[in-house]
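Here is what each chain is made of, one letter per residue.
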Amino acid sequence: MTNLEKYNNVFKESFEVTEEQLDGLEYQGVELWDSVGHMDLVASLEEVFGIMFDTDDIIDFSSYEKGKELIRKYDVEL
């Protein structure tokens, strides 16, 4: 499984969305992506990729696309 597939799976499982819904997905764009869902997403990504997000990055993680940008800072190639 590629890192992009892993990244996508975390989003799909966390927010119960389909692959087609990922592009353009933003914080609070679906019911499950609230503040609690956001922290669950971050924790899941940290576990899957063996990383630890900085607080500023957690705050800046505002969309599916922004998350891809941020995760690259931790040497994860998508």
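In this report, we go over the structure that sits alongside the text. Being a predicted model, the structure only gives us computed values, none of them experimental.

## Considerations on the environment of asparagine 3
Part 1: You can see asparagine 3 is positioned in helix H1 (residues 3-15).
Part 2: Classification of asparagine 3 as partly exposed rests on a relative accessible area of 25%.
Part 3: Measuring from C-alpha to C-alpha, the distance between asparagine 3 and glutamate 13 comes to 15 Å, with 10 residues separating the pair along the chain.
Part 4: The contact partners of asparagine 3, leaving out residues within four places of it in the chain, are Phe49, Val76, Glu77 and Leu78.

## Thoughts on the packing of H1 against helix H2 (residues 35-49)
Part 1: Running from N to C, H1 and H2 point in directions that differ by 150 degrees, and their axes come no closer than 10 Å. Comparing the axis directions of H1 and H2 gives the class roughly antiparallel. The handedness of the crossing between H1 and H2 comes out as right-handed. Contact residues: Asn3, Lys6, Tyr7, Val10, Phe11, Ser14 and Phe15 in H1; Gly37, Leu41, Ser44, Leu45, Val48 and Phe49 in H2.
Part 2: Looking at the contact of H1 with H2, its residues break down into 8 nonpolar, 4 polar and 1 charged.

## Topic: the nonpolar core
Part 1: The biggest cluster of nonpolar side chains holds 22 residues, and the ones touching the most others in it are Phe11, Leu25, Phe53 and Phe61.
Part 2: Looking at this core, the elements that each hand over two or more residues are H1, H2 and helix H4 (64-71).

## Here's the deal with the packing of H1 against H4
Part 1: Packing of H1 against H4 brings their axes to within 12 Å, and their N-to-C directions diverge by 135 degrees. Judged by the inter-axis angle, H1 sits oblique to H4. Judged by the twist between their axes, the crossing of H1 over H4 is right-handed. In contact with Leu4, Tyr7, Asn8 and Phe11 of H1, H4 contributes Tyr64, Gly67, Lys68 and Ile71.

## Examining the packing of aromatic side chains
Aromatic ring pairs: the centre-centre distance and the angle between the two ring planes describe each pair.
Part 1: Under the defined criterion, the tally for this structure stands at 11 aromatic pairs.
Part 2: Consider the rings of tyrosine 7 and tyrosine 64, whose centres lie 5.4 Å apart with planes at 45 degrees: the pair is tilted. Taken together, the positions of tyrosine 7 in helix H1 and tyrosine 64 in helix H4 put the pair 57 residues apart, joining distant regions of the chain.
Part 3: A residue is classified by how much of its surface remains accessible, and tyrosine 7, at 0% relative accessible area, is buried.
Part 4: Given a relative accessible area of 4%, tyrosine 64 falls into the buried group.
Part 5: Site record: aromatic cluster; members linked through ring pairs are Tyr7, Phe11, Phe15, Tyr27, Trp33, Phe53, Phe61, Tyr64 and Tyr74.

What counts, and where the lines are drawn
- Starting from 1, residues in each chain are numbered consecutively following that chain's sequence as written.
- The model is predicted, so local features are restricted to residues of pLDDT at least 70 and side-chain atom pairs to those at 80 or more, both for listing and for counting; the totals for chains, interfaces and linings are taken over all residues.
- Think of the side-chain values as coming from all heavy atoms in the structure, minus any hydrogens and water.
- Secondary structure elements follow DSSP: runs of H or I of four or more residues count as helices, runs of E of two or more count as strands, with numbering from the N terminus.
- Only protein chains enter the calculation, and the probe is 1.4 Å; a residue is then buried if its accessible area is under 20% of its type maximum, exposed if over 50%, and partly exposed in between.
- Any two residues whose heavy atoms approach within 4.5 Å are treated as being in contact.
- To obtain each axis, a line is fitted to C-alpha atoms, and for helices this fit is confined to the stretch in contact; angles are then taken between N-to-C directions over 0 to 180 degrees.
- Put simply, angles under 35 degrees are roughly parallel, angles over 145 are roughly antiparallel, angles from 65 to 115 are roughly perpendicular, and the rest are oblique.
- If you view the pair so one helix is near and one far, a crossing is left-handed when the near helix is turned anticlockwise from the far one by less than a right angle, and right-handed when it is turned clockwise.
- Polar here means any residue other than Ala, Val, Leu, Ile, Met, Phe, Trp, Tyr, Cys and Pro, which are nonpolar, and Asp, Glu, Lys and Arg, which are charged; Gly is therefore polar.
- Throughout, nonpolar core names a set of buried Ala, Val, Leu, Ile, Met, Phe, Trp, Tyr and Cys residues whose side chains join them through atoms within 4.5 Å.
- Classification of ring pairs rests on two measures: the distance between centres of Phe, Tyr or Trp rings, Trp counted by its six-membered ring, which must be within 6.5 Å, and the angle between planes, read as stacked under 30 degrees, edge-to-face over 60 and tilted in between.

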